[in-house]
Each structure stands twice: as C-alpha cells, then as structure tokens.
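Each chain is listed here by its residues.
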Amino acid sequence: MPRRQLPASRPRVVFDDRVHSASIGTLATAFCVGGVLTLLAFNTARTARTARLAGPADGAPLMRAPLQVVAPVDLQRYVGLWHEQARLPNRFERRCAGPVTAEYTLKEDGSGLQVLNRCILPDGRFDESSGVARVAPVAGQPGAGRLEVCFAPEWLRWLPLVWGDYWILRLDRDYQVALVGTPDRKCLWVLSRAPRLEDAALQAELDYARSLGFEVDKVERTGR
C-alpha cells in the first residue's frame, strides 16, 4: 500500500513585536508630522489672508479716534445765516445745483434751534427744508457743539431714527467759519458767513477734516 504524501506544512509566521512596534511608530510619526505641517500651512495661509484684508487699500489708519466737538459753543452767536462752501455728497442735497444756505434761529422756548436749509435746483427754482435742532449733552463738556437735527413732521419727532447728528468739529473765535460733520465721517460741511470763502481758508478746513479721517478727495466745492 503506497504511503500517502502529507501536504507540506506552511511556513511558520513568527510575530516580532519589536518590528511591528517600530512600524507602527514610524507610521504614527509620519502621521503626526504630516498633520503638523498641514496645520502650519493652513495657519500661514490664513495669517497671510488676514494680513491682506486687515489694512484698507487707501492706507487709512486701522483705528480712528472718536471725533471731538468744539466746547463750549455759544448758540446765540452761532445762529444766523451760513453759506455752504463744500460738502461730502449726500442724498438730501443731491438735487442742489447752486448755492446752499442754512439759517438757524433760537426757538422761543429755548429748547433748541429752528433750521431752514435752502438751495437752488437745476431749473433755477429754490428748494427749502425746515426743521429743528437740539443739543445732545456731552458728559463733562457743558455747551459742547454736539447737536441733533430733524426735518420730519413734529408728530414723528419722538422717534430716535428721524434725528441726525450735527457735530461742530471746528469753529473760529469770531464764529465766521465752521466745520460740521457726523461721527461716522460720512457727512461733512464747510460753512462760512461770507458767500464765498477764500481758497486758502477753505483748504485749511479741508486739510483739518482730512486729519480727522474724512474722505476729503470726494468733497464737492459748492460755494465757488
């Protein structure tokens, strides 16, 4: 009877924990290094992107100091007729094509000012807007030139949103030239008692406005 050939036995696999531990350590190290490099690349890109977005293109300062108003302002001297010499474009004067004036009078009850704005339209007609102004108190600065104006009907004047800021940023001692703006720096006016302000005097006001962060390059010179 022939002898049966037994199948060759499979080679025995020997588990060497040192080899496997080294392999696992190598993989873990590679994974960690790759993760760290990925995070570094992501953070570098984010930092570069943030740096590009942080600074405005025009080189303006990132942080602008809050605007300061003239204090004190004698409203009895401030009232009267003012001629607009220059302004930043705004929606409520977009139809004005000629000289613009603002006239202020004290209210009889002493609660503020009556306001009358007037300008010439392209067709030669006059456009008028009447309203009121009131003092917005500033802590520690009695008589500060911070006012609020409103041209809405009287029955709507209890609403805060119908009042706009009117800040006197600069005023000469003789009350002949005034620089007026809003704290968001979107509105700006140069006013004078004279119908036409000398170029050097107007430029001085605009230079000062620029130092405060206003976009003077967009100013329209209306009193020329």
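Before any of the text, the structure's been laid out above.
Please read all numbers here as calculations on a predicted model, not as lab measurements.

A few points about the overall build of the chain
Helix and strand counts for the chain stand at 3 helices and 9 strands. Moving toward the C terminus, one meets the helices and strands of the chain in the order α-α-β-β-β-β-β-β-β-β-α-β. Looking at the chain as a whole, 31% of its 224 residues qualify as buried. By sequence separation, contacts in the chain at least 24 residues apart represent 49% of the contacts at least 6 residues apart. Carbon and sulfur atoms make up 58% of the accessible area of the chain, which totals about 15600 Å².

Notes on the pairing of strand S3 (residues 113–120)
With 7 bridges joining them, strand S2 (residues 100–106) and S3 adopt antiparallel strand pairing. Each bridged residue has a counterpart across the sheet, and for Leu-106 the counterpart in S3 is Leu-113. Between S2 and the antiparallel strand that follows it, S3, lie 6 residues; Gly-110 among them carries a positive phi value of about 75°. Here S3 pairs with strand S4 (residues 126–135) via 8 bridges, running antiparallel. Bridging from a neighbouring strand, Leu-113 pairs with Ala-133 of S4. Between S3 and S4, which pair antiparallel one after the other, the connecting turn spans 5 residues, and Gly-124 there sits at a positive phi close to 95°.

With respect to the nonpolar core
Side chains that are nonpolar tend, in soluble globular proteins, to be buried together. With 21 residues, the main nonpolar core has Val-73, Tyr-78, Tyr-104, Tyr-166, Ile-168, Leu-171 and Leu-191 as its most contacted residues. Those elements that provide at least two residues to this core are helix H2 (75–78), S2, S3, strand S5 (146–150), strand S6 (163–171), strand S7 (177–181) and strand S8 (188–192). With 3 residues, the top contributor of residues to this core is S6. Apart from the residues within four sequence positions on either side, Ile-168 is in contact with Val-69, Val-70, Val-73, Tyr-78, Gly-145, Leu-147 and Leu-179. Core analysis: the next-biggest nonpolar cluster, separate from the first, contains 19 residues, Trp-167, Leu-169, Val-190 and Ala-209 among them.

Conventions adopted
Residues numbered from 1 in each chain as written. Predicted model: local features only at pLDDT ≥ 70, side-chain atom pairs only at ≥ 80, totals over all residues. Heavy atoms only, no water. Helix = DSSP H or I, 4+ residues; strand = E, 2+ residues; numbered from the N terminus. Buried < 20%, exposed > 50% of the residue type's maximum accessible area, 1.4 Å probe, protein only. Contact = heavy atoms within 4.5 Å. Areas by Shrake-Rupley, 256 points an atom, 1.4 Å probe, with all protein chains shown as cover. Pairing = 2+ DSSP bridges. Core = buried A, V, L, I, M, F, W, Y, C linked by side-chain atoms within 4.5 Å.

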